[in-house]
Each structure stands twice: as C-alpha cells, then as structure tokens.
Amino acid sequence: RRTFFSFKHFSAKRHRSSFIRAVNASGNFAFGMSTKYSPRSTFEHLVYLGHMDVLKKFLDGTTEVLVEQIRHLQTRLHDEWAALEVEKRGVEYDRSKLVTDRAAFEAEKEAWINAEREAMRASLAVSIEADRKQLEEEQKLLHEWRAVERKKLQNELVAEREQLSIEWKDLNDERLQMKNQLDVERRKIEAERDQAMDQFAAFMKEIDDETAQLKTERQNLEDDRHLFEDEKRRMKAIQIDKVVELNVGGESFSTARSTLCKYEGSLLASMFSGRWPLPVDAKGRYFIDRSPVFFAAILEFLRLPTDFKEEIDASQMEAFRAEVEYYGLTPYMFPKAKPSVAASEGRSDSPGLSKSKSGGSKAVNGTPIYLATSDGSADGRRAVRTASK
C-alpha cells in the first residue's frame, strides 16, 4: 500500500525533480527518517526512476548509518549485561541472608510456642479446678431446689384434684340439665317438622292446582296460536294486490290496496289489511266518513312521496295536519312534527270512526282497529288476538 501511494504521489514530473533534489541534499539514511519518505519507499522510487548514481550515494550513506547504529547497540547491550551481573550477585547475597534469618526466626518461634503452651496448660488446670468446684456447688443447690419444687407441685396437684372433683360434679349436673333441655327441644323440633310437612303438603297441592291451571292456559294459547295461523293463512290469501274503490265523504277514489297499506301501522293499512270488516255503500265501495278535501293529497303522497306542501294553502295547513294525524301518517308526512292536542286526546269528528277506551285503537262501526302510536310504531298483536277470539 505504501509503495502504491508513493508511486502515485511521485508520478508527476515536479514531484520527481523535488524528490531527487532532496536525496542529493541529504545523501544518507537520515533523509528517510527525517522526512515523510521511508528508506524502503526511497529505494523503490530511486530504482523506478533509474538514477543509479543517486541510488549508490543513498546506499553508501544508509550503510554507514546502519554500522554506527549497530556499534552503538553493542556498547549499550554490554553495559546492560554488566549491570545485570552486579544485580544478580546482590540478589544471591540477599537470598543467603534471608535463609539465615529464616532459620533464626523458626528457632525463636518454636521456643516461644513451647513457653506459651506450658503457660496455657497451667492456667487451664487452675481454671478447670475452679469450674469443678463451682459445678459441685451448683449441683447441690439444684438438688435442694428440686426437692422444694417437688413438694410444691405435690401440694398444687392435690388442690387441683379437689378442684377437678368439684368441677366434675358440676359438669355432671349440667349434663343432666342439658339432656332434659335437649329432650324438650327434640319434641319441639318434631312438632315443627310435622307442621312443616303439613305446610309442604298444602304447598304441593297448590303447585298441582297451578300446574293444572297452567295446562289450561297452555291449551288456550295453543287455541290462540291455531287461530293466529288461520288468520295468517287468510291474510296470505288476500295478499294479491287489487283495486279498491273508496267513498270518502261522498267522493269516489280508486287505488291499489298496496298503496293504502304502504305504511304499516297507519289507519288505512289497518283498515285494508283484511282483518276487519269495513262498511260499504250501495255500490259496494268502502265508506270512510271523512272530508274528501285533503284525501286526494294524502292519496297522492301514498302513491309517490313528493313535496305536497305547495299544493296545500297555508291557511288550510293546520286542518290538513289534523287530517294526516287522523290517518296515522304524521310520522311519514311530517317527520319532525308533534301530534296536535286533538289527536293526542283521541277526539274524532266522524261518527263512523271513534277512539276506543284503550287509547290505542279506533273502531269502524263497532269493530276495533289498532292504530299507530305517536312515534309511528304499532302493536297489532293484541288487536289481532281480540279479533280472532
């Protein structure tokens, strides 16, 4: 890598000439050490450039420098070897002195250990004798204390036996008393058990009666279900759309039954659902005892929901709203409008159509028709069940 870098660096002519001038100026090995060019790179570049006289001069100078450095290294190694020999002799002397001192220390340690051992033996013998005498005195005191405690325990045991005898007698009396109480409680529980058994028998009889009643009600429900199925089959039989002729307040209207039943829960949908008999005139047209003034607009809305407000005069809008509420179409024709007081109270201007007492149906010639509530929903199950019965 260094050779390639040097070759690239000195490829230019101006660099080549400056390099030659630098070598001629130095002429020794110090040139490679004092500049950024190493001896190897210097030699390679001189060979590459072909300056043999400069190369020879450079090699001579390099050889002299190397010889001088080798001589200097030999002198330095000789001095260091002599210093090592002197240090080695000092270490051997210190080692012999250390061996002598260690032997003297071992002898002194052995003598001190023997003296300490003898002193400890004498002291231990005295301590053991003192402990033995103290132990004998403590054993004597222990025997005396045991005798006193034994006598004390015997007295306490006699007192406890007498106390236990008295308590046993009391417990025996209490046991007899509890036995008598248990006999009384047992007889009371037996009486309560007999009473509970009587109550349970009465309860089971009530359950049997209720079960029979439930069976009767279930049979009634089954009959109602069969009536409802018959009603459904009859409704399916009349599902075919047909033209209906109407007589509204003396004016004739013709429309499809599906148009009148478009909004489920309305009065017209309930009337022409096929569940109720409706009054007819001499020509066989279904008669509705209402004003025909606004019925045309209502019928047009049922046919095609459009903006009918442009066809109704502003002065007649309140009467038109009342008519719409009567037919139960307010949630569809006036989605955001609230029912009027007359509609909420169930008042009707027609003698043929009247509000029932239940508040949720109207009657046509005495036949109940369940209508939509104020939010447009309808629950016709009760009306269907009543009509089926």
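Engineer: So, a negative patch on the surface: which residues are in play, and what are the values?
Structural biologist: A surface patch of like charges, here negative, comprises Glu 167, Asp 170, Asp 173 and Glu 174. With respect to the secondary-structure elements, Glu 167 resides in helix 5 (residues 52-237). Classification of Glu 167 as partly exposed rests on a relative accessible area of 37%.

Engineer: Explain the pattern of salt bridges to me, and be specific about the residues and the numbers.
Structural biologist: The full count for this structure, using the stated rule, is 12 salt bridges. Ionic pairing is found between Glu 300 and Arg 303, a salt bridge with its closest N-O pair at 3.0 Å. Highlighted residues: Glu 300 and Arg 303, both in helix 8 (residues 295-303), separated by three residues, approximately one helical turn. Overall, the relative accessible area of 40% leaves Glu 300 in the partly exposed class. Put simply, Glu 129, Arg 132 and Glu 136 are held in one network by salt bridges that share partners.

Engineer: Residue-level account of the side chain of Arg 290, with values.
Structural biologist: Among the secondary structure elements, Arg 290 is positioned in the loop between strand 3 (286-288) and helix 8. Residue class for Arg 290 comes out buried when judged on its relative accessible area of 10%. At 2.9 Å, the side chain of Arg 290 forms a polar contact with the side chain of Glu 323.

Engineer: So what's going on with the confidence of the model for the protein chain? Which residues, and what values?
Structural biologist: Per-residue confidence for the protein chain gives a mean pLDDT of 76; residues scoring 70 or more make up 70%. Per-element confidence in the protein chain ranges from a low mean pLDDT of 36 for helix 12 (residues 381-388) to a high of 93 for strand 3. Throughout residues 1-15 the model reports pLDDT below 50, and contacts reaching past four residues in sequence, or to other chains, amount to 16 contacts. The low-confidence segment residues 27-35, where pLDDT is below 50, has 17 contacts with residues more than four positions distant or belonging to other chains.

Engineer: Give me the sheet that holds strand 3: which residues, what numbers.
Structural biologist: The three strands are arranged 2-1-3 in an open sheet whose pairing can be described as mixed. Taken across any chain shown, the strands that pair with only one partner, and hence form the sheet edges, are strand 2 (251-256) and strand 3. This sheet shows a mean twist of 30° between the axes of neighbouring strands, independent of strand direction. One ladder, built from six bridges, connects strand 1 (residues 243-248) with strand 2; its direction is antiparallel. Each bridged residue has a counterpart across the sheet, and for Glu 245 the counterpart in strand 2 is Ser 254. Lying on the sheet, helix 8 is in contact with strand 1 and strand 2; it crosses strand 2 at an angle near 5°.

Engineer: Break down the packing of aromatic side chains for me, with residues and values.
Structural biologist: Counted by the stated rule, this structure contains eight aromatic pairs. Between Tyr 263 and Tyr 332, the ring centres sit 4.3 Å apart and the planes meet at 25°, which makes this aromatic pair stacked. Of this pair, Tyr 263 sits in the loop between helix 6 (257-260) and helix 7 (267-271) while Tyr 332 sits in helix 10 (residues 330-333), and the two are 69 residues apart along the sequence. Judged by its relative accessible area of 16%, Tyr 263 is buried. Overall, Tyr 332 belongs to the partly exposed group, its relative accessible area being 25%. Among the aromatic residues, those joined into a ring-pair cluster are Phe 253, Phe 295, Tyr 326 and Tyr 327. Over the ring of Tyr 326 we find Arg 290; its NZ or CZ atom is 3.8 Å from the centre of that ring. A cation over an aromatic ring shows up here: Arg 321 above the ring of Phe 334, its NZ or CZ 4.2 Å from the ring centre.

Engineer: If you had to explain a nonpolar patch on the surface to someone new, which residues and values would you point to?
Structural biologist: Where nonpolar side chains cluster on the molecular surface, the patch consists of Phe 200, Phe 203 and Met 204 and spans about 300 Å² of accessible area. On the basis of relative accessible area, Met 204 is assigned to the partly exposed category, the value being 33%.

Engineer: Let's hear about the environment of Leu 268: which residues, and what values?
Structural biologist: Tracing the backbone through its elements, the reader meets Leu 268 in helix 7. Looking at Leu 268, the relative accessible area reads 1%, which means it is buried. Distance in space between the C-alpha atoms of Leu 268 and Gly 328 is 8.1 Å, their sequence separation being 60 residues. Discounting residues that sit within four places of it in the chain, Leu 268 has contacts with Leu 260, Ile 288, Leu 302 and Tyr 327.

Here is what the cut-offs are and how they apply
- The numbering scheme is per chain: residues are counted from 1 as the chain's sequence reads.
- In keeping with the predicted nature of the model, local features appear solely for residues at pLDDT of at least 70, side-chain atom pairs appear and are counted solely at 80 or more, and the whole-chain, interface and lining totals rest on all residues.
- With hydrogens and water stripped out, all remaining heavy atoms of the structure feed into the side-chain values.
- Here, patches come from residues exposed beyond 30% relative accessible area and free of salt bridges, joined within 9 Å for like charges and within 5 Å for nonpolar side chains (Val, Leu, Ile, Met, Phe, Trp, Tyr).
- Computed with the Shrake-Rupley method and a 1.4 Å probe, the accessible areas treat only the protein chains shown as cover for residues.
- Salt bridge criterion: a side-chain nitrogen from Lys or Arg within 4 Å of a carboxyl oxygen from Asp or Glu.
- In this tally, Lys and Arg are treated as positive and Asp and Glu as negative; His is ignored, and so are the chain termini.
- All charge positions are set by atom: Lys at NZ, Arg at CZ, Asp at CG, Glu at CD.
- Put simply, DSSP marks the helices as runs of H or I at least four residues long and the strands as runs of E at least two long, and each gets a number from the N terminus on.
- For every residue, the accessible area obtained with a 1.4 Å probe (protein chains only) is divided by the maximum for its type, and the residue is called buried under 20%, exposed over 50%, and partly exposed between those limits.
- We call two N or O atoms a polar contact when they sit within 3.5 Å, provided that within protein one can donate a hydrogen and the other can accept it, with sequence-adjacent residues counted only if both atoms are side-chain atoms.
- The score called pLDDT rates the predictor's confidence residue by residue, from a low of 0 to a high of 100.
- Here, two residues are considered to be in contact whenever any of their heavy atoms come within 4.5 Å of each other.
- By definition, two strands form a pair when at least two bridges between them are found by DSSP.
- Axis lines are fitted through C-alpha atoms, for helices just across the contact stretch, and the angle between N-to-C directions can take any value from 0 to 180 degrees.
- Classification of ring pairs rests on two measures: the distance between centres of Phe, Tyr or Trp rings, Trp counted by its six-membered ring, which must be within 6.5 Å, and the angle between planes, read as stacked under 30 degrees, edge-to-face over 60 and tilted in between.
- Should the NZ of a Lys or the CZ of an Arg lie within 6 Å of a ring centre and within 35 degrees of the ring normal, that charge is described as sitting over the ring.

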